[in-house]
Amino acid sequence: MVTLVQLVAAVSGALIPHNDQARRAIELDGVHISELGDPTPFLDGGELLLTTGIPLTGAASDVGGYVERLHARGIGALAIGVGPYLAAIPDALRTGTVSA
């Protein structure tokens, strides 16, 4: 098993933590990719979820709901690729103002 801290170190700048929680030694069980608004039926908990940000392009409350669903499912971490859908990490995630 690999921790989030180990993964961030191993990929040398490809994953950039945006809050203190992302710097914890969270054990990751696997990696999944999803652009679904609710990928939780396909997750077991403990995964690193990769997204280009399509599910986060709605209003701030949609971002909160998305993160709350992932948190309730026990997701290990969320990685967002900035690019064509999101120019930057949403403020609510970056500043930790999302409740989960």
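Residues numbered from 1 in each chain as written. Predicted model: local features only at pLDDT ≥ 70, side-chain atom pairs only at ≥ 80, totals over all residues. Heavy atoms only, no water.

Participant: Could you give me a rundown of the layout of surface pockets, with the residues and numbers involved?
Facilitator: Volume-wise, the largest pocket comes out at about 890 Å³. Along the wall of the largest pocket there are 32 residues; nearest its centre are N19, A22, A77, L78 and A79. Among the secondary structure elements, those contributing two or more residues to the lining of the largest pocket are α1 (4-10), α2 (60-73), β5 (77-80) and α3 (91-94). For the lining of the largest pocket, the element with the most residues is β5, which contributes four residues. Across the lining of the largest pocket, the residue classes break down as 22 nonpolar, eight polar and two charged. (1 Å grid on protein atoms, 1.4 Å probe; cavity = no way out; pocket = protein on both sides within 12 Å on 5 of 7 lines; lining within 4 Å. Points joined across faces, edges and corners; volume = space filled by probe spheres on them. Helix = DSSP H or I, 4+ residues; strand = E, 2+ residues; numbered from the N terminus. Nonpolar A, V, L, I, M, F, W, Y, C, P; charged D, E, K, R; others polar.)

Participant: Describe in detail the environment of I16, supporting the description with residues and values.
Facilitator: Mapped onto the elements of the fold, I16 is located in the loop between α1 and β2 (27-28). Classification of I16 by relative accessible area gives exposed; the value is 58%. Taking the C-alpha atoms as reference points, I16 and T3, 13 residues apart in sequence, are found 15 Å from one another. (Buried < 20%, exposed > 50% of the residue type's maximum accessible area, 1.4 Å probe, protein only.)

Participant: Break down the nonpolar core for me, citing the residues and quoting the values.
Facilitator: L43, L49, L56, V63, Y66, V67, L70, I75, I80, L86, I89 and L93 together form the largest nonpolar core, which totals 12 residues. If one sorts the elements of this core by residue count, α2 sits on top with four residues. Excluding residues that lie within four positions of it along the chain, L56 makes contacts with V63, Y66, I80, L86, P90 and L93. V8, I26, L48 and A77 belong to the second-largest nonpolar core, a separate cluster that totals nine residues. (Core = buried A, V, L, I, M, F, W, Y, C linked by side-chain atoms within 4.5 Å. Contact = heavy atoms within 4.5 Å.)

Participant: Go over the pattern of salt bridges, please, and point to the residues and values.
Facilitator: Tallying each qualifying case throughout the model produces one salt bridge. In this structure, R69 engages D38 in a salt bridge whose closest nitrogen and oxygen atoms are separated by 3.7 Å. Here R69, found in helix α2, pairs with D38, found in the loop between β3 (30-33) and β4 (47-51); they are 31 residues apart in sequence, far enough to count as distant. (Salt bridge = Lys/Arg side-chain N within 4 Å of Asp/Glu carboxyl O.)

Participant: Explain the sheet that holds β5 to me, using residue names and the numbers behind them.
Facilitator: The three strands lie next to each other as β3-β4-β5, forming an open sheet whose pairing is parallel. Looking at strand neighbours, the two that pair on one side only are β3 and β5, the edges of this open sheet. Strand-to-strand twist in this sheet, taken as the mean axis angle between neighbours without regard to direction, amounts to 25 degrees. As paired strands, β4 and β5 are joined by four bridges and run parallel to one another. In the strand pairing of β5, T51 is matched with I80. (Pairing = 2+ DSSP bridges. Axes fitted to C-alpha atoms, helices over the stretch in contact; angles between N-to-C directions.)

Participant: An account of the confidence of the model for the protein chain is requested, with residue identities and associated values reported.
Facilitator: Residues with a pLDDT of 70 or more make up 91% of the protein chain, whose mean pLDDT is 86. Highest mean pLDDT in the protein chain belongs to β4 (95); lowest belongs to α3 (76). (pLDDT = per-residue confidence, 0-100.)

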